[in-house]
Each structure stands twice: as structure tokens, then as C-alpha cells.
Amino acid sequence: MLSLIFQDFNEAWRKFEYDYIFIDGIFFLLWLGLLIKKKKWKPIKFGVITSIIVYFIDAVFWWNLPANANYPPGTTIREYWIGGVKVPKALGEYFWPKAGADFMMCISYSMFIFPWLWIVFENFVKKNAKEITIFTGVFFSSWFLTPFLSFWLPINNTIVETVRHMDTQMIAWIVNVIIGYTLLSLIYGTNKFGKKNLKYIAYVFIIGCLGSFFMEFPLFITGIRPTGIEFLIFEIIILFNQGAPYLFIAYDIVLPKVFAILKEKFSKKKELPVIIKN
């Protein structure tokens, strides 16, 4: 039933010129340089871990996972066309072109959005609006300028088309959001866990919507994402909010405990036994 309701949102297409990948790579290096300069080591580590996960899901799992029976045989959830040719599973000469697209859509994406997420979570708790503004400004500017520079600069105008056939994933997306915000509401909306703070729930939702907006709005207004306003709104609300509540819980509760345990074990290993000689 839900698949029928959201059938217009099942096909997430992008159509862009290959130099989009190069320009994104330049902004990626500038962003990484800023993170290093500001010594944002935890956000960088968080980005590296999540980028590996996202790469595995998109470039490996979805690339090889068959779409449902409504599609022609051989159709997988993630597909690419480069220069008008469908990229085959036996990549051959398309290995590096696909690798560039995968890097942009998985690694660069994750290394932008997840360190940014850590930074805005951290500085909301610390009430440091200045740092939130700086990193958010650089992040959004990078993603906003990339498609325009790709259109204006004649570096490599080879057309890349990519699609996610999401009809088998759509219900899971919505369920993820519902479960995530239910957990968030139980932890920060009640006194059961001693962490009641309704501001956190609202903030996480706003940040989740902003993360999706930063990606989807530039694609929408430049025609790279050839969809209507309804799809844009759906993506803004659902796309990144699938993970935002879980990531905040991990940031605020799970990871501090894990780091504390690891620090304690590491400290014990460094303690040398005292040898008493007679």
C-alpha cells in the first residue's frame, strides 16, 4: 500500500556532467583542510567510519542487489550510465569513471555531512553558535556552488546518469525515521533515562532536514535531480532523518561510553608491573 502511495518517489535520478566530480573533489580537499586546520579529529574519524559504511551500501551492496521483479532482468538498485552507455557489472574500461562517481556520491558525501553533523551536535551542546555558522556556511556553499561551476566550466562535459530504484527500500526508510524519533523522544522527551531535554529532539530534526536540504536543493534548482517539489520535500524530511536520531544518540550516549572503556583499557595496558627484587 505504501509503495503505491510513494511510487512517484521511488526513482531517485541524477544527471550531471563528469566535471561535477572533479569540482566536488576540490571542495572536498578544501573542506578536509579546514577540518585538519581546526583539529577536528573526532569528526574526521566519524566521517571516515561512516564513509566506509555508505560506500559499502551504495557502491557495493546496492550496485549488486537486484531490483524487484517490476524491472527488466539484470536491473540492480543502483545503476550508472556514463557517456550514454550503461555501466556493466564487469566494469572493464569503466572502472575508473565509476570509481570517481562512487567517490563523489559516497566518500565525499560522507566526509562532508557526517563531520558537519558531529560539529553541529557538539557545538549545540557547548552553545558555540560561531563555529556552527562557520562550518555550516562552508559546507552549504561547497555543495551549492558545485553544480553551477560544473555547468560553467568546460572541463569534462561527459554526461553521467545514475538512479536508485528505491521501491523496495521506501518502507524501510519511513520505518527508520519513525523508530529513530520514537527512541529519541523516549530518551530526551521523558525522565526515564535522566536526560530530558525537548530542545534536543527539535534540534536533531532540524539538523536532519538541513542536511538533506543542503544536498537536494542545489540538485533540484539546477535540474540535476529531475523531480518535482513534492520529491524535494519528501527527501528533506525523510532522507537524512533516517539516521540523524540514531547518530545523535550515538554521539551523546554510546560513543562517550565506548571511548571511556577503550581509554581505561589502554591506560591499564600502559601500566607496567612493579618487580620487587630481593
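Throughout this document, residue positions are counted from 1 along each chain, in the order its sequence is written. Where local features are concerned, this predicted model is filtered to residues with pLDDT of at least 70; where side-chain atom pairs are given and counted, the filter is 80 or more; whole-chain, interface and lining totals use all residues. Side-chain measures were taken over the full set of non-hydrogen atoms in the model, leaving aside hydrogen atoms and water.

Undergrad: For this particular structure, what's the right way to read helix H3 (residues 41-64)?
TA: Residues spaced three or four apart along an α-helix point in a common direction, a consequence of the helix completing one turn every 3.6 residues. In a regular helix each residue adds 1.5 Å, so 24 residues correspond to 34 Å; H3 covers 33 Å between its end C-alpha atoms and thus fits that length. Across the chain, bend at a residue is computed as the angle between axes fitted to the seven residues ending at that point and the seven starting from it. Starting at the N terminus, helices and strands are each numbered in turn, a helix being any DSSP run of H or I of at least four residues and a strand any DSSP run of E of at least two. Where H3 bends most, the angle comes to about 30°, and this point is Ile 57. Any helix carries an expected span of 1.5 Å times its number of residues minus one.

Undergrad: Please explain unusual backbone geometry as it appears in this structure.
TA: Glycine aside, negative phi is the norm for most residues, and most peptide bonds take the trans geometry. With a phi close to 55°, Lys 39 is a non-glycine residue in the positive phi region. Mapping Lys 39 onto the fold places it in the loop between helix H2 (19-37) and H3. On the basis of relative accessibility, which here comes to 61%, the residue Lys 39 falls in the exposed class. At Lys 127, a position not held by glycine, the phi torsion is positive, near 60°. Mapped onto the secondary structure, Lys 127 falls in the loop between helix H4 (95-126) and helix H5 (129-152). Categorising residues by exposure relies on relative accessible area from a 1.4 Å probe, with only protein chains included: less than 20% of the type maximum marks a residue as buried, more than 50% marks it as exposed, and the intermediate range marks it as partly exposed. Classification of Lys 127 as exposed rests on a relative accessible area of 76%.

Undergrad: Explain the confidence of the model for the chain here, please?
TA: When pLDDT drops low, the exact placement of atoms in the prediction is not to be read closely. As a per-residue quantity, pLDDT reports the predictor's confidence and falls between 0 and 100. Summary statistics for the chain give a mean pLDDT of 90 and a share of 92% for residues scoring 70 or more. Taken element by element, the chain is modelled with least confidence in helix H1 (residues 2-5), mean pLDDT 48, and with most confidence in H2, mean pLDDT 98. A low-confidence stretch, residues 1-5 (pLDDT under 50), is modelled with four contacts involving residues beyond four sequence positions or located in other chains. Contacts were defined at the residue level, with two residues in contact if any of their heavy atoms lie within 4.5 Å. pLDDT under 50 marks residues 274-278. Its contacts with residues more than four places away, or in other chains, come to zero contacts.

Undergrad: Whenever I open this one, the packing of H4 against helix H7 (residues 198-221) confuses me. Can you help?
TA: Two quantities define a packed helix pair, namely the angle between the helix axes and the distance between the axes. To get an axis, a line is fitted to the C-alpha atoms, and for a helix only the part in contact is used. The angle between two axes follows their N-to-C directions and goes from 0 to 180 degrees. Relative orientation of the contacting elements H4 and H7 amounts to 155°, with a least axis distance of 11 Å. Taken as axis vectors, H4 and H7 run roughly antiparallel relative to one another. Considering how the two elements wind past one another, H4 and H7 form a crossing that is right-handed. For the pair H4 and H7, contact is made by Tyr 109, Ile 113, Trp 116, Leu 117, Val 120, Phe 121, Phe 124 and Val 125 and by Lys 199, Tyr 200, Tyr 203, Val 204, Ile 207, Leu 210, Gly 211, Phe 214 and Met 215, respectively. Gly is placed with the polar residues, together with every amino acid not listed as nonpolar (Ala, Val, Leu, Ile, Met, Phe, Trp, Tyr, Cys and Pro) or charged (Asp, Glu, Lys and Arg). Along the lines of polarity and charge, the residues of the contact of H4 with H7 split into 15 nonpolar, one polar and one charged. Throughout, the term roughly parallel applies to angles under 35 degrees, roughly antiparallel to angles over 145, roughly perpendicular to angles from 65 to 115, and oblique to all others. In a left-handed crossing the near helix is turned counterclockwise from the far helix by less than a right angle, and in a right-handed crossing that turn is clockwise.

Undergrad: Honestly, the pairing of strand S4 (residues 159-165) in this entry has me stumped. Any pointers?
TA: Note on strand geometry: in a regular strand, side chains alternate between the two faces of the sheet. Counting buried positions along S4 gives five out of seven residues, so the element sits mostly inside the fold. Strands are labelled as partners when DSSP assigns at least two bridges between them. Pairing of strand S1 (residues 11-17) with S4, which is carried by seven bridges, proceeds in the antiparallel orientation. Among the inter-strand pairings, Ala 12 is bridged to a residue of S4, identified as Arg 164. In terms of strand pairing, strand S2 (residues 78-82) meets S4 through five bridges, oriented antiparallel. Paired with Trp 81 across the bridge in S4 is Glu 161.

Undergrad: Explain the layout of surface pockets here, please?
TA: Think of a ball as big as a water molecule: rolled over the atoms, this probe shows where empty space is left. A pocket here means an open set of points on a 1 Å grid, computed over the protein atoms alone, that has protein on both sides within 12 Å along at least five of seven lines. A cavity is instead a set of points where a 1.4 Å probe fits but cannot get out; residues with an atom within 4 Å of a point line either one. Grid points are joined across faces, edges and corners, and a volume is the space filled by probe spheres set on the points. Of the pockets and cavities examined, the largest pocket occupies roughly 770 Å³. Taken together, 25 residues line the largest pocket, and the ones lying closest to its centre are Val 54, Ile 57, Tyr 109, Phe 114 and Gln 242. Elements that contribute at least two residues to the lining of the largest pocket include exactly H3, H4, helix H6 (170-188) and helix H9 (244-270). Residue contributions to the lining of the largest pocket peak at seven residues, all from H3. Here the residues of the lining of the largest pocket sort into 15 nonpolar, five polar and five charged.

Undergrad: Any chance you could explain the nonpolar core here in plain terms?
TA: What tends to happen in soluble globular proteins is that the nonpolar side chains get buried as a cluster. Of all hydrophobic cores here, the largest spans 69 residues; its most connected members are Trp 116, Phe 121 and Tyr 188. With 15 residues, the top contributor of residues to this core is H4. Once residues lying within four places of it in the same chain are set aside, the contact partners of Tyr 188 are Lys 195, Lys 196, Asn 197, Leu 198, Tyr 200, Ile 201, Phe 248, Ile 249, Asp 252 and Ile 253. In these notes, a set of buried Ala, Val, Leu, Ile, Met, Phe, Trp, Tyr and Cys residues joined through side-chain atoms within 4.5 Å is what counts as a nonpolar core.

Undergrad: I'm lost on the pattern of salt bridges in this one. Help?
TA: We define a salt bridge as a side-chain nitrogen of Lys or Arg found within 4 Å of a carboxyl oxygen belonging to Asp or Glu. In the structure shown here, the tally under the stated rule is eight salt bridges. Its salt-bridge partner being Glu 122, residue Lys 126 comes within 3.8 Å of it at the nearest N-O pair. With Lys 126 and Glu 122 both in helix H4, this residue pair falls four residues apart, about one helical turn. Of the charged contacts, one joins Asp 252 and Lys 195 as a salt bridge, the two residues approaching to 3.4 Å between their closest N and O atoms. Of this pair, Asp 252 sits in helix H9 while Lys 195 sits in the loop between H6 and H7; the two residues are 57 residues apart in sequence, bridging distant segments of the chain. The class of Lys 195 is partly exposed, set by a relative accessible area of 29%.

Undergrad: How do you make sense of empty space enclosed by the protein when you look at a structure like this?
TA: Per the counting criterion, the structure on display carries one cavity of 30 Å³ or more. Computed from the structure, the largest cavity encloses a volume of approximately 130 Å³. Residue lining of the largest cavity: Arg 14, Tyr 20, Asp 24, Met 104, Met 105, Ser 108, Tyr 109, Trp 143, Thr 146, Phe 214, Met 215 and Leu 219, and that is the complete set. Those elements that provide at least two residues to the lining of the largest cavity are H2, H4, H5 and H7.

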